[in-house]
Amino acid sequence: MVFSFTEFYRLLTIDDNFCGLDMNAPLGVSEMVRGLPIFTEDGDRMTSVIAYVYKNHSLAFVGTKSGKMKKIRVDGPTNSALEYEIVQVVDTGPILRDMVFSMDHEHLYIMSEKQLTRVPVESCGQYKTCSTCLGSGDPHCGWCVLHNTCTRKERCERSSEPRRFASEMKQCVRLTVHPNNISVSQYNVLLVLETYNVPELSAGVNCTFEDLSEMDGLVVGNQIQCISPAAKEVPQIIMENGDHHIVQLQLKSKETGMTFASTSFVFYNCSVHNSCLSCVESPYRCHWCKYRHVCTHDPRSCSFQEGRVKLPEDCPQLLQADKILVPVEVIKPITLKAKNLPQPQSGQRGYECILTIQGNEQRVPALRFNSSSVQCQNTSYSYEGMEINSLPVELTVVWNGNFNIDNPAQNKVHLYKCGAMRDSCGLCLKADPDFECGWCEGQNQCTLKHHCPIQENQWLELSGTKGKCTNPRITDIIPVTGPREGGTKVTIRGENLGLEFRDIASHVKVAGVECKPLVEGYIPAEQIVCEMGEAKPSQHAGFVEICVAECKPEFMARSSQLYYFMTLTLSDLKPKRGPVSGGTQVTITGTNLNAGSNVVVTFGRQPCLFYRRSTKHIVCNTTASDDGFDKVKVSVRVDKAKIHQELQFEYMEDPTILRIEPEWSIISGNTPIAVWGTHLDLIQNPQIRAKHGGKEHVNICEVQNATEMTCQAPALPVDPNHQSELTERPEEFGFILDNVQSLLILNKTNFTYYPNPVFEAFNPSGILELKPGTPIILKGKNLIPPVTAGNAKLNYTVLIGEKPCVVTVSDVQLLCESPNLIGRHKVMECAGEPLFSLFCAIKQQMEKGPIDSITGEARYSLSEDKLIRQQIDYKTLVLSCVNPDNVNSPEIPVKILNCDTITQVKEKILDAIFKNVPCSHRPKAADMDLEWRQVSGARMILQDEDITTKIENDWKRLNTLAHYQVPDGSVVALVSKQVTAYNAVNNSTVSRTSASKYENMIRYTGSPDSLRSRTPMITPDLESGVKMWHLVKNHEHGDQKEGDRGSKMVSEIYLTRLLATKGTLQKFVDDLFETIFSTAHRGSALPLAIKYMFDFLDEQADKHNIHDPHVRHTWKSNCLPLRFWVNMIKNPQFVFDIHKNSITDACLSVVAQTFMDSCSTSEHRLGKDSPSNKLLYAKDIPSYKNWVERYYSDIGKMPAISDQDMNAYLAEQSRMHMNEFNTMSALSEIYSYVGKYSEEILGALDQDDQAGKQKLAYKLEQVITLMSIDS
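So, here's what we can say about the structure.

A count of helices and strands for the protein chain gives 20 helices and 74 strands. Summarising the internal contacts of the protein chain: among those between residues at least 6 apart in sequence, 60% fall at separations of at least 24. As displayed, the protein chain has an accessible area near 67,800 Å², and 51% of this comes from carbon and sulfur atoms.

Structure below.
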C-alpha cells in the first residue's frame, strides 16, 4: 500500500520545564500522522518504494516480489494514483528494498539477489506517436513536433518556440487533405492540406507519398499545397486487392529531415470492377458503361449518353424470382424478369444462360424479349445421384459472350427428381406440391404425371380425388413393453402412414387396447405417436394394428413385433440416506423397470431427477429437501402405473469440514491432504477444488469413514512458464460434495501453493556416468516447499532402472543412494547393423524437411506429437564447405535447408565432414562459428542471434540462412568460436547475469534434445520478456491453444504425411524386427542364454500347472523383448557413439511402441480416437506378431542346453568381458538376495539331488557364517 500523508501540528513551547515532560505524542506534534491509501496491490506484493517530485507531480517507483518496477503518479492528496508503466527489471526473484536515484534523478539503481541494474526514470522514446506519448501518463514525456519523437522538453531543440513542443493531447499535429482520393488514371493533381498545431516552416517542407514520390510543398498560411504523383509513380491496383490503395501522405520538415505529420490518401481504380452494381456502389466516383461493360472514373469515356450508369437502380439486373423449379430430363424454357437489359449493338453477340451443375458449366441460348424480360430456351438438365431430391444450381445470364447481367437476388434454378429419396407412396405425396410429383402405382415409383403411362397405371397425386396411399406398413415400435395402467407413449414408425393427422386420428390399437394418436408426435407418412389406454387383466400381449383413413384391407397394417403388458415391481434402493442438500445418486432395484415411456421418482415431496434405467434398475439424483432431516417415502410412477412398495430414504444433515492438513501444496497439485469433518460417508464421489484466474481444477478424494477422508490436492491453474516462481493463494478453495453448496468455498482456510520443484539437466547429453556405488546428486530448486510452520516435505521416488534408491532432500539438491549398477549390456552383434541403419534412416528422413529448433517438431515424423502441422516454405541449398583439415583440398558439398537455424547448419556440416568419426570425438557446434565467404571477398560470421535478429510482439525469431539471404552454392567454413563477432548483440547494456544466460541461450538453441529434450524452450529473455521461436510460435504449450500457430491441417492430411514417412522407413523397421525375431537369418547363432531361459520359463509353467499359452508368451516377452530390446530401440545411444535429438527420439518411441504391441497377445481394437502411432502400424502388427510367435516356437524346437554347456558359455562370457564388470559389486548384490532368503534357498538346495552331490547347501552355510563374522 502506498500512503500520502496529511499532518496536523499543535506546536509545544520548549522552555525550562520541557525536559522530563511525560507525553505520548511525537516531538512537536500533538496529533498522530494519518495515512491515506492511494494505491493498493493485491497480486504482486510490493517489496520496495522510492519517490521524488517532478514538475509538481509526485512520482513513486515501486519494486515487487516478481521483479517488476511499477511507476505511479499522484497529482494531489485527494486524487487516486495512476499506475502509468510497469517494467520487468529482473527475471526471477524480488526487487530488494534498497533503491536509489542517480545524482541527476534520471536513473534508478535497483538490486535483486544476483544483479544491480540501472534503469532510466523515464522511457519516453518507446512511444512512437504523439497520442501514445501524451496518453502514456508519464509527466516527463512530451512530443517534439519537428523531430517526431517523444522526449523530455529540455531535450527538444527550440522547445520554447510556439507549437514546437506538445505537452497536451490537444496540441498534437492534425492534418486534412482535399481531395482525399483520386483515380489511378489522374496525374499531377493539386492537393490542399489544412494543418493544425504546426510550427512555422520557414526552412521548407516536403510532401511524400510513402515510397512512391516526393516533391516540395508550398506553404500558404496554415495550408500546404502538394502535387499528386506523376503517371509512372502511381501505384498498380489489381483485382485481388480490392479497388483502392491507401498510402500515407507525409509532411517532412526540411529543417530536421523528419516526417512530422501524415494523413491517409486513397488511389482508386474503377476498372477492377467487372459488374455494374459493384461499380456504381463503390464509395469512389465510378461510372458504368453499359454497352462497353466497363467501369470508369470518367463518364465521358462511355460510348454514348444512354449507356452511362451512375445509380444502382439503373444497372442491368435480374429481379427477384419465385422459386425456379425444373424437373430433370424434361425439356422446358426458363423465363426471368429483369430491368435495363441492354440491346446488343451491331457486332455484339446475343444472350445466353449459364447453369453450373455439380461443377460442370452448361450454356443455353437465351432470348431477350425486351429490357425487362429474358428467356433461357427449351433445354433439359440433369445431375448425378439419387441421394439428392432437389439441387440448387447457380444461374448466370450473359450477353456478348462474357458480359454478366447482375443477379442481386442470387436467383438459383432448383433441379429436382421426383423419385430421389421417395421410394414409398407416402414420401412421394409429401413432396412440395409445386414439384407436381405423384405415385405411379403400376411402376411403384414417384414420377411426374407424363412419365406414368396412363393406360395400365394409376397415378396418385395429393390434390386428386384418390390421393390416398395404399399398403401402409409398420417397421418399428418403441417401446415394446408397458404397464397395464396405460399412459405409455408408443412410437410407431413405418411407411404410407397417412398424409394428414386426421387420416390416423382413430383406429390405432396396440395389443388390442385403444392407443390415442398425439398430433405433436405425428410425422406424415412416417411416424405415429399414441398414448395407451388401460388394459384388461385378460390382455397380455399383441400386435400393433392401424387403419389409414378407412379400415379397408388395402389401408390396414399390422406390426411384426409384439407389444407386452408388464407388471413392474420394486425391491430395494441404495444408498438409503444422503445429505439434505441432495445430489445423491440413488439406484432403485426391481423387475421390468425399463417398461413404458416415462418415469417419475419422488422422495417425499421432492423429485429425484431421472438419470437412466434398465430392466432391473432405475438411477436418479436426489434434489434438496424442503422438509429438513427426515425419512421420506419413495414413490415410482411409470406412465400411469404407480408401483406399490414401501421404500424409504433418509435425508441427513449436510457434511461439514472441520480441518484440513497440510494447508499447502505445490502448483502441480497431487500432494496428499487429510480432511476431518462430519457426515463425510454420505458423499459418493467427493472432490476437492481450487480456482485461480477464473479457471478451476479439481482432484479426487476418498472417504475413510464418517469423520475422515483423504484427498489429492488439485493443481493451481497458472501460466506454465511461472510454475517455478511464485507462491500463490487460490481465489477459491473448497470441496464438491454432491449438491452441498456451503463447502464449495472454504472461508476459514489459508491454503497456499508453493512453486513446483525444478531439477537441472545432468549435462547437454542427458547422461550421467558414475562409478558403481557412487551416490547420485540431482541439483534443482524449490525441492522443499518454504512452509512457515516447517516440517514440509514432498514424497520423492527415484528409480534407477527399476530399482528405487534411498532419498535425502534439501532445498536445492536431492541425494540418491543408488543400488549397485553392474555395467551396461552389450547389444547382440546380429541386431547392431539394422538398428544403426534404422537410426541413420530416421535421422536422414527427418532432416530432409524443416525441424523446429525450439519445439523439436518436424515436417517428416512418425510421431503426431512432433509433427509441424503448418505449411513451411523452404528450399534445399547445397553449400560448399571448406575442409577444416586441409583448406587446399576440394570443398565438401553439404545439403541444408534455407529455413535451418545457424546451429542446425553447423550440425549438418559437422555430420558431413566427420561422418566416420564417433560423435564424442567430433568438435561441438557450440564451439564453432559459421563463416560465410562471399563472392566479393567479404567474410561474415552467421549466428542464431545477433543485432539483425527480428523481434515482433515479444517474439524473437532465431536467424536462419533465409534471414541472411545466403544463396545456393555459397562457400562457408567452420572456424573456432570468436570472442565477439561484428554483428553480435552489444552486451555492454546487459547485466552480467543476463549476458551469461544469453550466451547459454545461443549455445543450446540448436540442440532441442539437450536442455529442452521434449518440451519447447520458450523461456522469456531476462531483460526484455522476449520469447524465442524458429518455425512455429508455440504459444501456450501446456494447453495447446493455437493462438498464433496458424490454422492446423485436418488430421487426415497429416496422417498421410505420417504414412509417407512410415513408408520410407518401412524396410529398416522390417529388417530390424526380422533380425531380432529370427533364429536363422541372424548372421550369428542364437545365444545359449535365450534358449536356456525360455526352457526354464516353460519348466516353471509346467511345474505350476500353467498351460495358458498367453501367460507363457507374456513371460518370455517380459524377459527379453520388453526388458532389453525396447530399451535398445528407444536408446541406440546406449550402444553407439551417436547424438540423438528429440525428433529422432520421438520416432524411435513410435517404433518401440510398435515393437511392444507386436509382443502382446491381446487384440488392439482401433477406432477413430485411437492414437495415430497405433493406426500407423495397424496393418503391420499382425505380421510382426506372427514373427514373434514363430521365434518363440522355433526356440522351443531347438535342442535343450545342458547345465554343463550353459556353465561353459557363462564362463566364456565372463572371460570375454572380464574388464567390463564390477565382480565384487555383482557378488554383493547376489549375497544381499541370499541373506534375505537364506532359509528358503538352503531348504531348496537340500532337496535338490544335483545340489546335494555338490554339497552346495553346506558350502553356502559356510559363506553365510564367514560373512556374518566379517560384518
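Consecutive residues of a regular strand have side chains that alternate between opposite faces of the sheet. Judged by which residues are buried, strand 46 (residues 585-591) turns out to be one-sided: Val586, Ile588 and Gly590 face inward and are buried, whereas Gln585, Thr587, Thr589 and Thr591, on the alternate face, are not. Here five bridges tie strand 44 (residues 569-574) to strand 46, and the two strands are oriented antiparallel to one another. When the bridges of strand 46 are listed, Lys574 appears paired with Thr587. With five bridges joining them, strand 46 and strand 49 (residues 617-622) adopt antiparallel strand pairing. Looking at the pairing, Gln585 lines up with Asn621 of strand 49.

To continue, consider the sheet that holds strand 11 (residues 149-151). Strand order across the open sheet formed by three strands is 11-10-12, with antiparallel pairing between neighbours. Since the sheet does not close on itself, it has two edges, and those belong to strand 11 and strand 12 (165-166), each with one partner. As paired strands, strand 10 (residues 142-144) and strand 11 are joined by three bridges and run antiparallel to one another. Residue Trp143 lies in a different strand from strand 11, and its bridge partner there is Cys150.

Take unusual backbone geometry next. Here the residue pair Ile478 and Pro479 is connected by a cis peptide bond, since its omega of -10° sits within 30 degrees of zero. Looking at the secondary structure, you find Pro479 in the loop between strand 36 (473-478) and strand 37 (481-483). Following Lys574, the chain continues into Pro575 via a peptide bond in cis, with omega recorded as -15°. For Pro575, the position within the fold is in the loop between strand 44 and strand 45 (577-579).

Glancing now at the state of the cysteines. Here the structure, examined in full by the defined rule, presents 19 disulfides. One disulfide in the model links Cys207 with Cys226; its S-S distance is 1.9 Å. The disulfide joining Cys207 to Cys226 has a torsion of about -55° about its S-S bond and is therefore left-handed. One end of the pair, Cys207, is in strand 16 (residues 205-209); the other, Cys226, is in strand 18 (residues 223-227), and 19 residues separate them in sequence. Note on Cys207: relative accessible area 0%, which makes it buried.

Attention shifts here to the side chain of Asp138. Mapped onto the elements, Asp138 comes out in the loop between helix 1 (130-135) and strand 10. Buried and without a salt bridge, Asp138 has Lys71 as its closest oppositely charged side chain, separated by 4.9 Å. Among the polar contacts listed, one links the side chain of Asp138 to the side chain of His140, at a separation of 2.7 Å. Once residues lying within four places of it in the same chain are set aside, the contact partners of Asp138 are Arg73, Tyr84, Glu85, Glu122 and Ser123.

Turning our attention to the packing of helix 13 (residues 1142-1159) against helix 15 (residues 1181-1197). When two helices pack together, their arrangement is given by the angle between the helix axes and the distance between those axes. Interaxial distance between helix 13 and helix 15 falls to 8 Å at its minimum, and their mutual angle equals 60°. With respect to each other, helix 13 and helix 15 are oriented oblique. Like other packed secondary-structure pairs, helix 13 and helix 15 cross with a definite hand, here right-handed. Contacts between helix 13 and helix 15 involve Thr1154, Asp1157, Ser1158 and Cys1159 on the former and, on the latter, Ile1181, Tyr1184, Lys1185 and Val1188. By residue class, the composition of the contact of helix 13 with helix 15 is four nonpolar, two polar and two charged.

Secondary-structure assignment places Asn750 in the loop between strand 59 (732-736) and strand 60 (752-754). Every residue in contact with Asn750, bar those within four places of it in the chain, is listed here: Glu663 and Arg729.

Helix 15 packs onto helix 11 (residues 1109-1119) with a crossing angle of 95° between their chain directions and a minimal axis gap of 12 Å. Between helix 11 and helix 15, the angle falls in the class roughly perpendicular. Side by side, helix 11 and helix 15 meet where His1113, Lys1116 and Ser1117 of the first sit next to Val1188, Glu1189 and Tyr1192 of the second.

With respect to topology, three strands assemble into an open sheet ordered 71-72-74, the strand pairing being mixed. Looking along the sheet, the strands with just one partner apiece sit at the ends: strand 71 (951-952) and strand 74 (1027-1029). Here strand 72 (residues 955-957) pairs with strand 74 via three bridges, running parallel. The residue of strand 74 that forms the bridge with Arg957 is Trp1029.

Attention now goes to a nonpolar patch on the surface. Taken together, the side chains of Val100, Tyr109, Met111 and Leu116 present a nonpolar region at the surface, about 340 Å² in accessible area. Relative to the helices and strands, Val100 is located in strand 7 (residues 100-101).

Our focus in this paragraph is the pattern of salt bridges. Within the structure shown, the criterion is met by 53 salt bridges. The residue Glu531 makes a salt bridge to Lys640 at a minimum N-O spacing of 3.8 Å. Here the residue Glu531 occupies a position in strand 41 (residues 525-532), and Lys640 occupies one in the loop between strand 50 (630-638) and strand 51 (641-643), the gap between them amounting to 109 residues. Overlapping salt bridges, with partners in common, bring together Lys55, Glu106, Glu122, Arg152, Glu154 and Arg155 in one network.

Rules used in this analysis
- Residues numbered from 1 in each chain as written.
- Predicted model: local features only at pLDDT ≥ 70, side-chain atom pairs only at ≥ 80, totals over all residues.
- Heavy atoms only, no water.
- Helix = DSSP H or I, 4+ residues; strand = E, 2+ residues; numbered from the N terminus.
- Contact = heavy atoms within 4.5 Å.
- Areas by Shrake-Rupley, 256 points an atom, 1.4 Å probe, with all protein chains shown as cover.
- Buried < 20%, exposed > 50% of the residue type's maximum accessible area, 1.4 Å probe, protein only.
- Pairing = 2+ DSSP bridges.
- Disulfide = S-S within 2.5 Å.
- Lys, Arg positive; Asp, Glu negative; His and termini not counted.
- Salt bridge = Lys/Arg side-chain N within 4 Å of Asp/Glu carboxyl O.
- Polar contact = N/O pair within 3.5 Å; in protein donor to acceptor, adjacent residues only side chain to side chain.
- Axes fitted to C-alpha atoms, helices over the stretch in contact; angles between N-to-C directions.
- Parallel < 35°, antiparallel > 145°, perpendicular 65-115°, else oblique.
- Left-handed = near helix turned anticlockwise from the far one by under 90°.
- Nonpolar A, V, L, I, M, F, W, Y, C, P; charged D, E, K, R; others polar.
- Patch = residues over 30% accessible without salt bridge, like charges linked within 9 Å, V, L, I, M, F, W, Y side chains within 5 Å.

These figures come from the coordinates and say nothing about function on their own.
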